[in-house]
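# Summary of structural features
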Amino acid sequence: MIPVGFAYERPDAVEGALELLAEHGEDATVLAGGHSLLPVMKLRLGTPELIIDIGRLSELSYVRVEGDEVAIGAGTRHHAVETSDVVAAEVPLLAAVARTVGDPQVRHRGTLGGSLAHADPASDLPAAVLALGGTVVLRSLRGDRYVPITAFYTGVFSSVREPDELVVEVRVPRTGGAGWAYEKFTRRANDWAIVGVAVVDGRVGLVNMGSTPLRASATEAALAEGASIVDAAMLADRDTDPPADVAGTKEYRRHLARVFARRALTTAIVA
Ligand SMILES: Cc1cc2nc3c(=O)[nH]c(=O)nc-3n(C[C@H](O)[C@H](O)[C@H](O)COP(=O)(O)OP(=O)(O)OC[C@H]3O[C@@H](n4cnc5c(N)ncnc54)[C@H](O)[C@@H]3O)c2cc1C
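Source: prediction; values computed, not measured. (Residues numbered from 1 in each chain as written. Predicted model: local features only at pLDDT ≥ 70, side-chain atom pairs only at ≥ 80, totals over all residues. Heavy atoms only, no water.)

## Topic: the layout of surface pockets
For the record, the criterion: Using a 1 Å grid laid over the protein atoms alone, points where a 1.4 Å probe fits but cannot get out form a cavity; open sets with protein on both sides within 12 Å along at least 5 of 7 lines form a pocket; any residue with an atom within 4 Å of a point counts as lining. Grid points are joined across faces, edges and corners, and a volume is the space filled by probe spheres set on the points. Residues are grouped as follows: Ala, Val, Leu, Ile, Met, Phe, Trp, Tyr, Cys and Pro are nonpolar; Asp, Glu, Lys and Arg are charged; every other residue, Gly included, is polar. Delimitation of the domains relies on an automatic or database domain assignment.
Counted as a void, the second largest pocket has a volume near 300 Å³. Lining the second largest pocket we find 18 residues, and of these Trp192, Ala193, Asn208, Asp245 and Arg253 sit closest to its centre. Among the residues making up the lining of the second largest pocket, the classes are represented as 9 nonpolar, 3 polar and 6 charged. Taken domain by domain, the makeup of the lining of the second largest pocket includes at least three residues from each of domain 2 (58-173) and domain 3 (181-270).

Listed below in structure tokens is the structure:
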């Protein structure tokens, strides 16, 4: 389908984007890589009056170490995350997860900020940032807000981001040599995860096991109390409410979460 008509603005700086967001609020939508927004618009699930294109704002594309954290600009493409030497050295889980997103074309267009802002529980990167204990930096003309990702998501495709706020940065702790793994189960290469499990330093993030990315808290607690990987992984689906769709039933996804938690934990802790 063809999207409904819309106005288009391409500011040449973040400040300009913030002014447009402040002026137009809920009538405006930010365009970054467009790889989630355009399908939504073509299906007419979204009909913004104004598109604010931030896709070419180079000031939003960077990866840098800042103290104990790595700061990544919201406009950084998945491919840049995947191939960054800094990410590989400091947060290798994130590079590995970025590498599993879609195909090369998607990874050259899609952005880390767009993936997090879109708030799709089937996306890979939000669960990885959740396992990492990251922070989403939101900016508006009112100032900056640092929102722990644990408090960012409120439901399917929804977050605490206000209409006048731009995601400008994602911050993740440097994990260095801590054990990590990402297990993504798909029926075909390049597909979205039916279920995904991200593990780093004993924390476990789940993809597609509820209305938001989730931490497998029962598994994490069991590990901390000395349970075996096998026993802890058996708790990975506790307090989850996975979707049922053509790719699998709720019970199938619960089973996958347990199996892939065991595999990811084994890789992260034993390998
Ligand atoms: C064929 C295909 C396969 C895919 N496979 C996968 C996959 O396997 N795994 C996966 O995780 N994803 C997958 N994706 C999604 C892809 O990763 C998207 O690029 C990503 O989800 C959104 O990033 P974007 O930069 O394209 O955002 P856009 O599509 O431009 O925007 C998405 C939403 O986020 C908002 N937004 C974007 N940037 C900001 C910002 N800085 N501040 C505030 N709001 C913002 C937009 O307004 C919009 O609502 C796939 C997409 C396609 C088309």
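Still more to cover.
## Comments concerning the site of the ligand
Where we set the bar: Residue proximity to a molecule or strand is established when one non-hydrogen atom of the residue lies within 4 Å of it. Under this definition, polar contacts are N or O atom pairs within 3.5 Å; protein pairs additionally need one hydrogen-donor-capable and one acceptor-capable atom, and for neighbouring residues in sequence, both atoms have to be side-chain atoms. Surface accessibility in these figures is a Shrake-Rupley result with a 1.4 Å probe; residues are shielded only by whichever protein chains are displayed.
Looking at the ligand, there are 29 residues lining it, with Val30, Gly34, Leu37, Thr111 and Asp124 nearest. Backbone polar atom of leucine 37 to an oxygen atom of the ligand: 2.6 Å apart, as the coordinates give it. Valine 167 places a polar main-chain atom, nitrogen or oxygen, 2.8 Å from a nitrogen atom of the ligand. Summarising the interface, the protein chains cover 89% of the accessible area of the ligand, which totals 960 Å² for the free molecule. Taken together, the residues of the shell around the ligand sort by class into 12 nonpolar, 13 polar and 4 charged.

## A short note on the environment of alanine 119
Going by this rule: The secondary structure listing takes helices from DSSP runs of H or I that are at least 4 residues long and strands from runs of E that are at least 2 residues long, numbered from the N terminus. What makes two residues a contact is simply this: any of their non-hydrogen atoms within 4.5 Å.
You can see alanine 119 is positioned in the loop between helix 7 (112-118) and helix 8 (124-132). Distance from alanine 119 to valine 156, taken between C-alpha atoms, is 6.3 Å for residues 37 residues apart in sequence. Apart from residues lying up to four places away in sequence, alanine 119 is in contact with Tyr153, Gly155, Val156, Phe157 and Ser158.

## Structural notes on the side chain of aspartate 124
Defined as follows: A simple rule labels every residue: compare its accessible area, found with a 1.4 Å probe on the protein chains alone, to the largest value its type can have, and call it buried under 20%, exposed over 50%, or partly exposed in between.
Note on placement: aspartate 124 falls in helix 8. With relative accessibility at 5%, the residue aspartate 124 sits in the buried group. Side-chain polar atoms of aspartate 124 contact the side chain of tyrosine 182, separated by 2.5 Å. Reaching out from aspartate 124, the side chain makes a polar contact with the side chain of lysine 184 at a distance of 2.9 Å. Filtering out sequence-adjacent residues up to four positions away, aspartate 124 remains in contact with Val97, Thr100, Val101, Tyr182, Lys184, Ala193 and Val207.

## Some details on the nonpolar core
Heads up, the rule is: What makes a nonpolar core is a set of buried Ala, Val, Leu, Ile, Met, Phe, Trp, Tyr and Cys residues whose side-chain atoms join them at distances within 4.5 Å.
Ranked by size, the top nonpolar core spans 36 residues in total, and within it Leu93, Leu94, Leu116, Leu125, Ile149, Phe152 and Val172 carry the most contacts. Counting residues per element, the ones that place at least two in this core are strand 5 (69-73), helix 5 (92-98), helix 7, helix 8, strand 6 (135-140), strand 10 (166-173) and strand 12 (195-200). Looking at which element gives the most residues to this core, the answer is helix 8, with 7 residues. Each of domain 2 (58-173) and domain 3 (181-270) contributes no fewer than three residues to this core. Leaving out residues up to four positions away in the same chain, leucine 116 has contacts with Leu125, Pro126, Val129, Val136, Ile149, Phe152, Tyr153 and Val170.

## Digging into unusual backbone geometry
Within the chain, aspartate 201 stands out as a residue other than glycine whose phi angle is a positive 50°. Within the element layout of this structure, aspartate 201 appears in the loop between strand 12 and strand 13 (203-207). For aspartate 201, a relative accessible area of 48% corresponds to the partly exposed category. Of note, the phi angle at asparagine 208 is positive, near 65°, even though the residue is not glycine. With respect to the element layout, asparagine 208 can be found in the loop between strand 13 and strand 14 (214-215).

## So, empty space enclosed by the protein
Taken as a whole and judged by the stated rule, the model has 1 cavity of 30 Å³ or more. In this structure, the largest cavity spans a volume of roughly 40 Å³. If you go around the largest cavity, the residues you meet are Ala32, Ile54, Gly55, Leu57, Leu60, Gly75 and Thr111.

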